[in-house]
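# Architecture at a glance
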Amino acid sequence: MARIVTVAAAQLGPIQKAESRESVVARMITLMEEAKAKGATFIVYPELALTTFFPRWYEEDRTKMDHWFESSMPNAATQPLFDKARALGMAMSFGYAELTPDGHHFNTSILVDKAGTIVGKYRKTHLPGHVEFDTGRTHQHLEKRYFEPGDTGFPVWRFAGGLIGMAICNDRRWPETYRVMGLQGVEMVVLGFNTPSVNSQRAGEGMEDRLFHHRLSCQAGAYQNATWVVAVAKAGTEDGNHLMGGTLIVDPNGKIVGELPHEDDGVLVHACDLDDTVFGKETIFDFKRHRRTEHYGLITERVGVGEPLGR
Ligand code: CDT
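Computed from a prediction, not measured in an experiment: that's the story for all the values here. Chains are numbered independently. Their residues run from 1 in the order of the written sequence. Local features are withheld for residues below a pLDDT of 70 in this predicted model, meaning they are given only at 70 or higher, and side-chain atom pairs are given and counted only at 80 or more; totals for whole chains, interfaces and linings count all residues. Water and hydrogen atoms play no part in the side-chain values, which are based on all heavy atoms of the structure.

### Some details on the overall build of the protein
Threshold: Helix and strand assignments follow DSSP, with helices taken as H or I runs no shorter than four residues and strands as E runs no shorter than two, numbered in order from the N terminus. Both definitions apply: the radius of gyration is a C-alpha atom measure, and the globule rule equals 2.2 Å times residues to the power 0.38. When a residue's accessible area, from a 1.4 Å probe over protein chains only, is under 20% of the maximum for its type it is buried; when over 50% it is exposed; and in between it is partly exposed. By the convention used here, residues are in contact when the closest approach between their heavy atoms is within 4.5 Å. Calculation of accessible area relied on Shrake-Rupley with a 1.4 Å probe; when residues are assessed, cover is drawn exclusively from the protein chains displayed. Positive: Lys, Arg. Negative: Asp, Glu. His and the chain ends are not part of the count. Note that the charge is assigned to NZ on lysines, CZ on arginines, CG on aspartates and CD on glutamates.
Across its full length, the protein carries eight helices and 14 strands. In summary, the protein has a C-alpha radius of gyration of 19 Å against a globular reference of 19 Å for 311 residues, a match within 12%. Here the C-alpha coordinates of the protein stretch approximately 55 × 55 × 40 Å along the principal axes. Buried positions account for 52% of the 311 residues belonging to the protein. Sequence-distant contacts, at least 24 apart, represent 68% of the contacts inside the protein between residues at least 6 apart. Total accessible area on the protein stands at roughly 13,900 Å², and carbon and sulfur atoms take up 55% of it. Counting 34 positive and 40 negative side-chain charges, the protein places the averaged centre of each group 4 Å from the other.

### Notes on the site of the ligand
Note the cut-off: Being near a molecule or strand, for a residue, comes down to having at least one heavy atom within 4 Å of it. In protein, a polar contact means a hydrogen-donor-capable atom and an acceptor-capable atom, both N or O and within 3.5 Å, with residues adjacent in sequence counting only if both atoms are side-chain atoms; elsewhere, any N or O pair within 3.5 Å suffices. Three classes are used, and their members are as follows: Ala, Val, Leu, Ile, Met, Phe, Trp, Tyr, Cys and Pro are nonpolar, Asp, Glu, Lys and Arg are charged, and the others, Gly among them, are polar.
Taken together, Glu47, Phe53, Lys124, Pro128, His141, Glu143, Cys169, Asn170, Arg172, Arg173, Asn194 and Thr195 are the residues near the ligand. At 2.7 Å from an oxygen atom of the ligand is found a side-chain nitrogen or oxygen belonging to Thr195. For the ligand, the accessible surface in isolation is 360 Å², of which the surrounding protein chains cover 90%. Counted by class, the shell around the ligand contains three nonpolar, four polar and five charged residues.

### A short note on the state of the cysteines
The following threshold applies: In this description, the term disulfide denotes a pair of cysteine sulfurs within 2.5 Å.
Enumeration over the complete set of coordinates arrives at zero disulfides. Between Cys218, a free cysteine, and Cys169, which holds the nearest cysteine sulfur, the sulfur-to-sulfur gap is 9.6 Å. Distance from the sulfur of Cys272, which forms no disulfide, to the nearest cysteine sulfur (Cys218) is 14 Å. Taking relative accessible area as the criterion, Cys272 reaches 0% and is therefore assigned buried.

### Let's talk about the packing of aromatic side chains
Rules: Aromatic pairs are defined between Phe, Tyr and Trp rings, using the six-membered ring for Trp, whenever the two ring centres lie within 6.5 Å; interplanar angles under 30 degrees are classed as stacked, those over 60 as edge-to-face, and all others as tilted. Counting as a charge over the ring demands two things of the Lys NZ or Arg CZ atom: a distance within 6 Å of the ring centre and an angle within 35 degrees of the ring normal.
As enumerated under the stated definition, the model contains eleven aromatic pairs in all. Through a chain of ring-to-ring contacts, three or more aromatic side chains come together here, namely Phe54, Trp68, Phe69, Tyr146 and Phe147. For the cation-ring pair, Arg172 lies above Phe193, with the distance from its terminal atom to the ring centre recorded as 4.5 Å.

### Brief notes about the UniProt feature "domain: CN hydrolase" (unreviewed entry) in the protein
Put simply, the test is: UniProt positions are given in the numbering used here, feature names are shortened, and annotations may be inferred rather than shown by experiment.
In this structure's numbering, the residues bearing the UniProt feature "domain: CN hydrolase" (unreviewed entry) are residues 5-276. Counting secondary structure, residues 5-276 comes out at 21% helix and 28% strand; the distance between its end C-alpha atoms is 11 Å.

### A short note on the sheet that holds strand 13 (residues 256-259)
Threshold: Pairing between two strands requires that DSSP report at least two bridges joining them. Inter-axis angles, ranging from 0 to 180 degrees, are taken between N-to-C directions of lines fitted to C-alpha atoms, where helices are fitted over the stretch in contact.
Strand order in the open sheet made by the six strands is 6-7-8-9-12-13, with mixed pairing throughout. Where the open sheet ends on each side, the last strands, each with one partner, are strand 6 (156-159) and strand 13. This sheet shows a mean twist of 20 degrees between the axes of neighbouring strands, independent of strand direction. Here strand 7 (residues 162-168) pairs with strand 8 (residues 188-193) via five bridges, running parallel. Bridge pairing in strand 8 places Met166 opposite Val190. The strands touched by helix 4 (residues 175-182) are strand 6, strand 7, strand 8 and strand 9 (228-233); relative to strand 7, the strand with the most contacts, the crossing angle is about 160 degrees. Relative to strand 12 (residues 248-250), helix 5 (residues 207-225) is tilted by about 30 degrees, and along the sheet it contacts strand 8, strand 9, strand 12 and strand 13.

Here it is in structure tokens:
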């Protein structure tokens, strides 16, 4: 029998600096109701879903940015989202900035089951951008200033009847992200993103190229690991800064089965058959039969490029 997870990729349009978490949560609830009406049982929201993409703003004193972080989850602002999810029997995943009790800052995503219990947490591994204000860029991307690299690795959870993993934005560009989850048999990777539509260091790289790289990364990760990929944007113009859309769902054959054509709040719903992962996992990407780990040592021995191994 088919193992169907009807997933809703719930894109958020822009969130301005001045918008409250309560207002964003109300928007997320509206999307959840729409997803439910369309038959979804699992809703996925973007990276840093509760606030504007604040790492674009430089602040000398980092502690002055702590108000963008959540020190508990759920909390007063997000409790209505958890309550609605439980009432609708909807599993969910969303991203937020996490401040731990011992003072660590992470870019985090959680998996919440349909009873409203947090069953999984992932902290972003590949932080893009820079630490200090960079005058050479058209806009700042200060994730390396405000977050620490995640300490979770890439776990996969038994969730919603399948094997589900999480990634966050820049992680989707790295093949290691998917492969580490692929080696745990992942059947669906869910991820959110906030991607500026222009490269801050290369003005000629605009939205067409950025969307191409986004699709390329998600499609390659899906195909090479025979997994569904659900990628969800925060999109549109936040206080004058444009984020691309491109919320999409990719099947385990690497094909895009749906993509939102706009930059507003909206849901993309698809009935994903987790058994569609079986063919790829048992044939061309049957890792156990085909991988040659004796030749992969550099992947973990080296971070950057080193001497060539040939002559
Ligand atoms: N949020 C996030 O990770 N955004 C990055 C932008 C990279 S440009 C510094 C991304 O990979 O989409």
